[in-house]
Amino acid sequence: MITTIIFDIGSVLVSWHYKAFLRRLFDDEKTCKVVAKCIFENPNYIDFDAGRYTKEQFLENCVSFAPNYRKEITYAFSRIGECVKQYSFAHSWIEEYKKRGYRVLFLSNYSDYVRGANMKALDFVSKFDGGIWSCDVKMIKPDINIYLKMINDFNLIPEQCLFIDDKISNLRPADKLGIKCVHYNSYPQAKRDVES
C-alpha cells in the first residue's frame, strides 16, 4: 500500500528550458552555445546544486571556461531564475494526493541561488508535507545517501513510497531501496502511471 508520494521538482512541476532562455537573451547562436556550455552544461553544475559552491564561486568557475564571454555569462547568470516556469498543474497535482490522504514530499536537486531566483515559480512548495533540497544537505541525486536521509528524516517505509522523477538515473537508487518509481515523461502519462 502506498502512503507517501515523493516528487522531483525540476522538469516535473516546473520547466527548465535554458536554451530557449538564452535565445531570448542573445541574438547570435554562438553566444548562446558558449554561455550554455559554461553555465548549464558545466561539469561542475552538479556540485553547484549540491551546495558545494557559493554563487560567486560558481560564476567564476563558469567564466573560467570562456573568459572573453565574462559579460554575457554574468548577465545570463543574473537572470537564471527566468529559466524556471511553473507548470499549470503543479498546485492541483499536489493538492489532489493530499486530499486523498497521501503524505506528499519532495526530493529535488537545486542550488540555493536558483531556488531563490524565482520563488514565485516554486510557490507550491508550501503545500508539501516536507522535503529535501540537495543544496541544504550537500548531497545530490542519484547519490543513494540522499535517499537514505529522506527515509530517515521522514520515517518512511520504502515499500509504502512512490517516487516521481524525470531522470531514470535518479530512479534507480530509489528502486534499489524498495521505493516504487514512476518515470515522468509528461503529466498525463505520469498521472496514469501513478494511478496504476
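Above this text you will find the structure in question.
Attention here is on the structure that accompanies the text.

A word on the overall build of the protein chain
What the protein chain contains, in helices and strands, is 11 helices and seven strands. The C-alpha radius of gyration computed for the protein chain amounts to 18 Å, which stays within 12% of the reference 16 Å derived for 196 residues, consistent with globular compactness. Overall, the protein chain is about 55 × 30 × 25 Å in size when its C-alpha atoms are taken along their principal axes. Here the protein chain holds 196 residues, and the buried ones make up 48% of them. In the protein chain, 67% of the contacts between residues at least 6 apart in sequence involve partners at least 24 apart. Split by element, the accessible area of the protein chain, about 9700 Å² in all, is 51% carbon and sulfur.

Focus on the environment of Ile146
Structurally, Ile146 is set in helix α9 (residues 144-153). Ile146 sits 35 residues away from Cys181 along the chain, and the two C-alpha atoms are 16 Å apart. Once you skip the residues sitting within four places of it in the chain, Ile146 turns out to touch Leu107, Ile132, Ser134, Val137, Met139, Ile140 and Lys141.

A look at the nonpolar core
Residues Phe7, Leu13, Leu22, Ile39, Ile73, Trp93 and Ile164 are the most contacted members of the largest nonpolar core, which totals 54 residues. In terms of residues, this core owes the most to one element, helix α2 (residues 29-38), which gives five residues. Setting aside its immediate chain neighbours within four residues, Ile164 contacts Ile5, Ile6, Phe7, Asp8, Val12, Trp93, Val182, Tyr184 and Val194. Counting residues in each nonpolar core, the second largest holds 16 residues, with Ile146, Met150, Leu156 and Leu171 among its members.

Some points on the layout of surface pockets
Size it by volume and the largest pocket reaches roughly 540 Å³. Around the largest pocket sit 24 residues that line it, and Trp16, Tyr45, Asp49, Asn109 and Lys167 are the ones nearest its centre. Broken down by secondary-structure element, the contributors of at least two residues to the lining of the largest pocket are β2 (14-16), α3 (45-49) and α10 (168-176). Partitioning the lining of the largest pocket into residue classes produces 11 nonpolar, seven polar and six charged.

Thoughts on the packing of helix α1 (residues 18-25) against α2
Axis separation between α1 and α2 bottoms out at 9 Å; the angle between their running directions is 135°. Accordingly, the angle class assigned to the pair α1 and α2 is oblique. Viewed along their axes, α1 and α2 form a crossing whose handedness is right-handed. Note on element contacts: α2 touches α1 through Glu29, Cys32, Val35 and Ala36, opposite Tyr18, Leu22 and Arg23.

Some points on the packing of helix α6 (residues 90-99) against helix α11 (residues 187-195)
Running from N to C, α6 and α11 cross one another at 10°; their axes reach a closest spacing of 13 Å. The orientation of α6 relative to α11 falls into the category roughly parallel. In this structure, α6 contributes Trp93, Glu96 and Tyr97 to the contact, and α11 contributes Tyr187, Ala190, Lys191, Val194 and Glu195. Its residues assigned to classes, the contact of α6 with α11 shows five nonpolar, no polar and three charged.

Structural notes on the side chain of Asp165
With respect to the helices and strands, the residue Asp165 is situated in strand β6 (residues 161-165). In this structure, Asp165 is in contact with Asp8, Val12, Lys141, Asn170, Leu171, Val182, His183 and Tyr184, ignoring residues within four places of it in sequence.

Re helix α5 (residues 70-78)
Listed as buried for α5 are Ile73, Ala76 and Phe77. Burial along α5 is one-sided: seen end-on, the buried residues are contained in an arc of 100°. Elements in contact with the buried residues of α5: α1, α2, α3, α4 (55-64) and α7 (112-117).

Criteria and cut-off values
Residues numbered from 1 in each chain as written. Predicted model: local features only at pLDDT ≥ 70, side-chain atom pairs only at ≥ 80, totals over all residues. Heavy atoms only, no water. Helix = DSSP H or I, 4+ residues; strand = E, 2+ residues; numbered from the N terminus. Rg over C-alpha atoms; globule rule 2.2 N^0.38 Å. Buried < 20%, exposed > 50% of the residue type's maximum accessible area, 1.4 Å probe, protein only. Contact = heavy atoms within 4.5 Å. Areas by Shrake-Rupley, 256 points an atom, 1.4 Å probe, with all protein chains shown as cover. Core = buried A, V, L, I, M, F, W, Y, C linked by side-chain atoms within 4.5 Å. 1 Å grid on protein atoms, 1.4 Å probe; cavity = no way out; pocket = protein on both sides within 12 Å on 5 of 7 lines; lining within 4 Å. Points joined across faces, edges and corners; volume = space filled by probe spheres on them. Nonpolar A, V, L, I, M, F, W, Y, C, P; charged D, E, K, R; others polar. Axes fitted to C-alpha atoms, helices over the stretch in contact; angles between N-to-C directions. Parallel < 35°, antiparallel > 145°, perpendicular 65-115°, else oblique. Left-handed = near helix turned anticlockwise from the far one by under 90°. Arc of directions from axis to C-beta.

These figures come from the coordinates and say nothing about function on their own.
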